[in-house]
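The lines below spell out each chain.
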Amino acid sequence: MTPSVTVRAASKVNLYLGVGRPRPDGYHPLATVYQTLSLHDDVTVSSGPAWSVTLVCEDGIDRDGFPAGEDNIVVRAGRLLTKHHGRDGAAEFTVRKSIPIAGGLAGGSADAAAALVALDRLWELDTSDDDLLSLAAQLGSDVPFALVGGTALGRGRGEVVTPMLDEGTRWWVVVPARTGLSTPVVYRHFDELCPDAPEEVTVPEDLVAALADPDNRVLAAALRNDLEPAAIDLRPELGELIETGERAGALRGMISGSGPTCMFLCSDRGSADRVRTTLLDTGHPRVLVALGPVSGTHVVEYK
Ligand code: C5P
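Computed from a predicted model, the values in this text were never measured in an experiment.

> Would you explain the packing of aromatic side chains in this entry?
For any pair of aromatic rings, geometry is given as the distance between the ring centres together with the angle between the planes. Following the criterion strictly, the structure yields two aromatic pairs and no others. When the centroid spacing of 4.4 Å and the interplanar angle of 10° are considered together, the rings of Tyr 34 and Phe 145 count as stacked. Here Phe 145 lies in helix H4 (residues 143-148) and Tyr 34 lies in strand S2 (residues 30-48), a separation of 111 residues in the sequence. Take Phe 145: its relative accessible area is 1%, and that puts it in the buried class.

Structural data, given as structure tokens:
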């Protein structure tokens, strides 16, 4: 049997997403608090004659938007790590996908982080954590956080990650949309709606204090996403969905990252299950319950 390694890739929600005006390089300065969720993909890698990626989707996941072959971020991660070590060779990846594609849950970023770790372990490359983080930042703004996981502060364009204290078990109801939203399109719409966004952004003290409190009601009051008005303007039905979830008992509904996935923070598991049932009854075909924080990318199987 060909040896393989499987690494778990967790989705994320931004508990806080403060966005400033675009920098000279076109990226937006961020002050964000990320949290990894139990909703995850699994990325398996084995050596092969050519770089490839195979997608295996859970029911209800729209495959469109998953780039094939060389354009896929998983293949780019494999190539980047190989180049970093000055090696030859190629690998075959399989992504078992439960995280919606282009959903604002950083599924692609998590897969890329998992691909780095999986290939590093398969080929026993012994890449240092610092090097893995810097390769991750080259792949995308959310990729370093996916490696670290837990609850963490993100600065810069999101790639400078510092772990944060989080005393809670946060119960989320996750409602993916039928079709994804493009992150650059949402950022561009943010620029149109907020031409006076500040040059620098920070995470407020009340969010930091809320994370030290296990009561999810306290955290709910501190959640914020500056991209939410832009995402709702592009998809007005998301605003209605947030209202429906809050009426069903969620402490707070919000857009995840650049959307269109909607997230509902609930007081406990029972409340999350009840909100899920109501949203299923109102015609949303895929409604999930997830908890956070969970760990970042980690090996789940060596074969
Ligand atoms: O870094 P990543 O490739 O994930 O970013 C995708 C796109 O999102 C960027 O090309 C940019 O348009 C937008 N973005 C941004 N500011 C950030 C992060 C992402 O404008 N801090």
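Still more to cover.
> Sorry if this is basic, but what is going on with the sheet that holds strand S9 (residues 252-255) here?
Strand pairing in a sheet relies on backbone hydrogen bonds, with the paired strands running either antiparallel or parallel. Here we have four strands laid out as an open sheet, ordered S9-S10-S7-S11, and antiparallel in their pairing. Pairing within the sheet leaves two strands with one partner each, and these edge strands are S9 and strand S11 (288-292). When strand polarity is set aside, the average angle formed by the axes of neighbouring strands in this sheet is 30°. Summarising the sheet, strand S7 (residues 170-175) and S11 pair through five bridges and their orientation is antiparallel. Counterpart to Trp 171 in the pairing with S11 is Leu 291. Along the sheet face, helix H9 (residues 237-247) touches S7, S9 and strand S10 (262-266) and points at about 15° away from the line of S10. On top of the sheet, helix H10 (residues 269-281) reaches S7, S10 and S11; it is set at about 10° to S7, its chief contact.

> How should I be thinking about the nonpolar core in this particular structure?
Inside soluble globular proteins, nonpolar side chains tend to come together where they are buried. Judged by nonpolar contacts, the single largest core of 40 residues is most densely connected at Val 45, Trp 51, Phe 93, Leu 116, Leu 119 and Leu 139. For this core, the elements supplying multiple residues, two or more each, are strand S1 (5-19), S2, strand S3 (52-57), helix H1 (73-84), strand S4 (90-97), helix H2 (107-122), helix H3 (129-139) and H4. Ranked by residue count, the leading element in this core is H2, at ten residues. With residues near it in sequence (within four places) discarded, Trp 51 still touches Glu 70, Val 75, Gly 78, Arg 79, Thr 82, Gly 89, Ala 90, Ala 91, Phe 93, Leu 119 and Trp 123.

Cut-off values and rules
- Residues numbered from 1 in each chain as written.
- Predicted model: local features only at pLDDT ≥ 70, side-chain atom pairs only at ≥ 80, totals over all residues.
- Heavy atoms only, no water.
- Phe/Tyr/Trp six-rings, centres within 6.5 Å; stacked < 30°, edge-to-face > 60°.
- Helix = DSSP H or I, 4+ residues; strand = E, 2+ residues; numbered from the N terminus.
- Buried < 20%, exposed > 50% of the residue type's maximum accessible area, 1.4 Å probe, protein only.
- Pairing = 2+ DSSP bridges.
- Axes fitted to C-alpha atoms, helices over the stretch in contact; angles between N-to-C directions.
- Contact = heavy atoms within 4.5 Å.
- Core = buried A, V, L, I, M, F, W, Y, C linked by side-chain atoms within 4.5 Å.

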